[in-house]
Amino acid sequence: GISTDWHEREIREDPVFGIGGALSYINPLIFSGIADYVVLGDGEPVLGHLVGECRKYLSHGDRRKLWENLSEHPSIFVPPLHRDMILSGKDVARKKSFVSDMEGVRGKSLWVCEDSVFGKTVLVELQRGCRRNCSYCTIPSSFGPVRTRSLDKVIEDIDTVKDSENLQVGLVTPEAGDYPHILKLLEYLSFSGQAVSFASLRVDNLSEEMVEALVRSRRYSLTVAPEAGNDRLRFSCGKIFKNDLILEKLSMASRIGVTQVKLYFMAGLPGEEMDDVDSIPELCREIHFHTGLKVRASIGLFVPKPMSRWGMEQICPPDEIKARFRRLKRTFAKGLPRGCSASFHNEGESFLEHSISWFSASNGSLPGGLNRRALSAIIKEYVPDKQFVREQLEILGF
Ligand code: SF4
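**Q** Describe the sheet that holds strand β4 (residues 108-111), with residues and values.
**A** The strand order β4-β5-β8-β9 describes an open sheet built from 4 strands, whose pairing is mixed. Sheet topology places β4 and β9 (196-197) at the edges, where each strand pairs with a single neighbour. The sheet strands contacting helix α7 (residues 151-159) are β4, β5 (121-125) and β8 (168-172), and the helix crosses β5 at an angle near 165°.

**Q** Break down a negative patch on the surface for me, with residues and values.
**A** Among the surface-exposed residues, Glu187, Glu208, Glu209 and Glu212 lie close enough to one another that they form a single negatively charged patch. Among the elements that make up the negative patch, the one with the highest residue count is helix α9 (residues 208-216) (3 residues). Topologically, glutamate 209 is positioned in helix α9.

**Q** Kindly report on the nonpolar core, identifying the contributing residues and their values.
**A** Core analysis: the largest hydrophobic core is formed by 62 residues, its most contacted members being Leu185, Phe198, Leu222, Val261, Leu263, Ile287 and Ile299. Residue contributions to this core reach at least three from each of two domains, namely domain 2 (102-199) and domain 3 (200-357). In this structure leucine 222 touches Leu201, Leu206, Leu214, Leu250, Ala253, Val258, Gln260, Val261 and Lys262, once residues within four positions along its chain are discounted. Within the second largest apolar cluster, 22 residues are counted, among which are Phe31, Ile34, Ala35 and Ile86.

**Q** Account for the site of the ligand, with residues named and values stated.
**A** Neighbouring the ligand are the residues Cys130, Arg132, Cys134, Tyr136, Cys137, Ile139, Pro140, Pro174 and Arg202. Its residues placed into classes, the shell around the ligand shows 7 nonpolar, no polar and 2 charged.

**Q** Kindly report on the sheet that holds strand β1 (residues 18-19), identifying the contributing residues and their values.
**A** A sheet is described by the order of its strands in space; here 3 strands give the open sequence β1-β2-β3, paired in mixed fashion. Each edge of the sheet is formed by a strand with only one pairing partner; in this case those strands are β1 and β3 (76-77). Judged from the 2 bridges that link them, strand β2 (residues 37-39) and β3 form a sheet pairing that is antiparallel. In the sheet register, valine 39 faces β3, and the bridge partner there is isoleucine 76.

**Q** Can you explain the packing of aromatic side chains? Please cite residues and give values.
**A** Using the criterion set out here, one finds 4 aromatic pairs in the structure. With a centroid separation of 5.7 Å and 80° between ring planes, the pair formed by phenylalanine 302 and tryptophan 310 is classed as edge-to-face. Among the residues examined, phenylalanine 302 registers a relative accessible area of 1% and is labelled buried. The ring centre of phenylalanine 398 lies 4.3 Å from the NZ or CZ of lysine 96, which sits over that ring. The residue whose ring lies beneath lysine 329 is phenylalanine 344, and the NZ or CZ to ring-centre distance is 5.2 Å.

**Q** Give a detailed account of the domain arrangement of the chain, specifying residues and quantitative values.
**A** How big an interface is tends to be reported as the loss of accessible area on association of its parts. Along its sequence, the chain is carved into domain 1 (1-98 + 368-398), domain 2 (102-199) and domain 3 (200-357). Once you take the C-alpha centre of each, domain 1 and domain 3 turn out to be 35 Å apart. Taken together, the contacts link 15 residues of domain 1 with 14 residues of domain 3. Summed over both sides, the interface of domain 1 with domain 3 buries roughly 1200 Å², with 69% coming from carbon and sulfur. Counting every contact that joins domain 1 to domain 3 gives 4 residue pairs in polar contact (both at pLDDT 80 or more). Elements with a minimum of two residues in the side of domain 1 that touches domain 3: α15 (372-381) and α16 (386-395). Split into classes, the residues belonging to the side of domain 1 that touches domain 3 amount to 9 nonpolar, 2 polar and 4 charged.

Scoring rules and cut-offs
- Residues numbered from 1 in each chain as written.
- Predicted model: local features only at pLDDT ≥ 70, side-chain atom pairs only at ≥ 80, totals over all residues.
- Heavy atoms only, no water.
- Pairing = 2+ DSSP bridges.
- Helix = DSSP H or I, 4+ residues; strand = E, 2+ residues; numbered from the N terminus.
- Contact = heavy atoms within 4.5 Å.
- Axes fitted to C-alpha atoms, helices over the stretch in contact; angles between N-to-C directions.
- Patch = residues over 30% accessible without salt bridge, like charges linked within 9 Å, V, L, I, M, F, W, Y side chains within 5 Å.
- Areas by Shrake-Rupley, 256 points an atom, 1.4 Å probe, with all protein chains shown as cover.
- Salt bridge = Lys/Arg side-chain N within 4 Å of Asp/Glu carboxyl O.
- Lys, Arg positive; Asp, Glu negative; His and termini not counted.
- Charge placed at Lys NZ, Arg CZ, Asp CG, Glu CD.
- Core = buried A, V, L, I, M, F, W, Y, C linked by side-chain atoms within 4.5 Å.
- Buried < 20%, exposed > 50% of the residue type's maximum accessible area, 1.4 Å probe, protein only.
- Domains from an automatic or database assignment.
- Near = heavy atom within 4 Å.
- Nonpolar A, V, L, I, M, F, W, Y, C, P; charged D, E, K, R; others polar.
- Phe/Tyr/Trp six-rings, centres within 6.5 Å; stacked < 30°, edge-to-face > 60°.
- Lys NZ or Arg CZ within 6 Å of the ring centre and 35° of its normal.
- Buried area = accessible area lost by both parts, 1.4 Å probe.
- Polar contact = N/O pair within 3.5 Å; in protein donor to acceptor, adjacent residues only side chain to side chain.

In structure tokens, the structure reads:
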């Protein structure tokens, strides 16, 4: 197979391996031992240079020259050239790229196969960046300022596929309710008879129009993320809305025709006590009782992410999170009505996510490849030095 190590790939003349996307905004050091290059931030301003140099590489075939040429763009991190500089504290003169004018971006992606993760969907981008500042979330500090696409451009994208049968419109944005033209967009979709889907929605933003659009699209399940079962802990997450508001909004959704709600919670949050853990099933019970909705809780371990406000917090130790999950499982199994159920994220994967998301330039290679055993070894051996990672990210211009 192809080596995951850029140095080995050079020796073996394996293909060049480049990376872009969400992780490049948060911690590109993860790829220090893996990638030939990483595009930092939005791809659009970099694509011209990147594609041009890759084309030239196809004719000259000199990998070192490709690295040199790619590094001329300040938003391309080239680990074979920059890693040692970062390790010795030298300025690498990199910066994340951000599109300032969203009118020129290609904002859609078409999924035509029913068995794909999104089903038959046209994904349409509405916005980048988020104006809120939830403590656990890395989007406000990593993904740049809020930039929105105009309603005309969004509708133009939707119209290109309006004659396709059974194609739903998936709205891509950190928080759909914050898109300034959301109501007009929903009106348009309703008028043109197109089904719509949102990712998780903020409860405090949930409007009748949004719920009606979902029900019209024959979607009777809603996904929201209270994060915590009580107001105190939710407020500390930066989500300033109370349980009363959750009940009010979900009652409204139930009246309009929603039959089920999926609720995302986190356990192991900073400042969490056992009472806070117990408040999760309690809130689920109340929602079921007050709204009649079928309630499905999805409970995961809080993972502190680089660049987020809670990034420097510690992850809950394995024994403690196991005890919390055991307690929650018992309550959901025995103490709640049949209309309430819960599923739990695999905590091993959350610990792995935590370790990898805090990789530094010093340990950015995966000697055993990307198989499960090698990845499990990472969790056991790697204790992130977050201050060290932050300093290296600063050198990278983050
Ligand atoms: S969790 Fe959602 S609303 Fe909060 S900062 Fe992140 S993207 Fe914005």
